[in-house]
Amino acid sequence: MISSIHYKIKDLSRIAKAILNQVKSKNILFYGEMGSGKTTLISALVKELGGTNKTSSPTFSIVNKYEVTNDFVYHFDFYRINDQYEALDMGIEEYFRSEYWNFIEWPDKISDLIPEDVSIITLSIAEDESRILEISEKNYLHDGQ
């Protein structure tokens, strides 16, 4: 099932809460063009989970770790990696096997490494500069992928 939400930046706290109530996996893939608001949305999700540190894009570090209430969030940005082997070298499979939240920007760069069960968020920019968010779930074993 795909759920679609149209929102403005001022609604981010409410949207983050709705996402966390709806997703079934702690591995969340974020799709969207550059500037669509992936990192901004992830910051709102971290805050909603109880994070108090300022979040930022891990474009150059590839991964940022945030402590949240009774948990951790790993925020990945694979935009700058050259191939999936870089993600393997950094131990991406260990992160996926953890019980922690994994928020992944540019997951298409590691498509062969994605775990079986994930939640997918796709962002797009509407004509009025608001955002359209679609949430879906994917089980790679049962969906024939």
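Residues numbered from 1 in each chain as written. Predicted model: local features only at pLDDT ≥ 70, side-chain atom pairs only at ≥ 80, totals over all residues. Heavy atoms only, no water.

Looking only at helices and strands, the protein has four helices and seven strands in total. N-terminal to C-terminal, the α/β element order of the protein is β-α-β-α-β-β-α-α-β-β-β. Over its C-alpha atoms the protein spans a radius of gyration of 14 Å, differing by no more than 12% from the 15 Å that the globule rule assigns to 145 residues. Expressed as lengths along the three principal axes of its C-alpha atoms, the size of the protein is roughly 40 × 35 × 30 Å. Evaluated residue by residue, the protein yields a buried proportion of 49% over its 145 residues. Counted over contacts in the protein with a minimum sequence separation of 6, partners at least 24 positions apart contribute 62%. For the protein, the accessible area works out to roughly 8,100 Å², and carbon and sulfur atoms hold 47% of it. Charge centroids of the protein, computed over 15 positive and 23 negative side chains, lie 8 Å from each other. (Helix = DSSP H or I, 4+ residues; strand = E, 2+ residues; numbered from the N terminus. Rg over C-alpha atoms; globule rule 2.2 N^0.38 Å. Buried < 20%, exposed > 50% of the residue type's maximum accessible area, 1.4 Å probe, protein only. Contact = heavy atoms within 4.5 Å. Areas by Shrake-Rupley, 256 points an atom, 1.4 Å probe, with all protein chains shown as cover. Lys, Arg positive; Asp, Glu negative; His and termini not counted. Charge placed at Lys NZ, Arg CZ, Asp CG, Glu CD.)

Take the confidence of the model for the protein next. Across the protein, the average pLDDT comes to 90, with 92% of residues at 70 or higher. Below pLDDT 50 for its whole length, residues 141-145 participates in five contacts with residues either more than four positions away or in separate chains. (pLDDT = per-residue confidence, 0-100.)

Looking now at unusual backbone geometry. Backbone geometry places N70, a non-glycine residue, at a positive phi of 55 degrees. If you trace the backbone, N70 turns up in the loop between β3 (63-68) and β4 (71-77). The phi dihedral of E129 is positive, around 75 degrees, even though this residue is not glycine. Looking at the element boundaries, E129 is found in the loop between β6 (117-125) and β7 (131-139).

Here the focus is the side chain of D71. Inspection of the secondary structure puts D71 in strand β4. One polar contact links D71 to W101, side chain to side chain, over a distance of 3.2 Å. Sequence-distant contacts of D71, that is, excluding residues within four places in its chain, are made with K26, Y66, E99, Y100 and W101. (Polar contact = N/O pair within 3.5 Å; in protein donor to acceptor, adjacent residues only side chain to side chain.)

Turning to the environment of G35, a few remarks are in order. Along the chain, the position of G35 falls in the loop between β2 (27-31) and α2 (38-48). Taking C-alpha positions, G35 is 9.7 Å from L123, a pair spaced 88 residues apart along the chain. Residue contacts for G35: discarding those within four places in its chain leaves I125 and R131.

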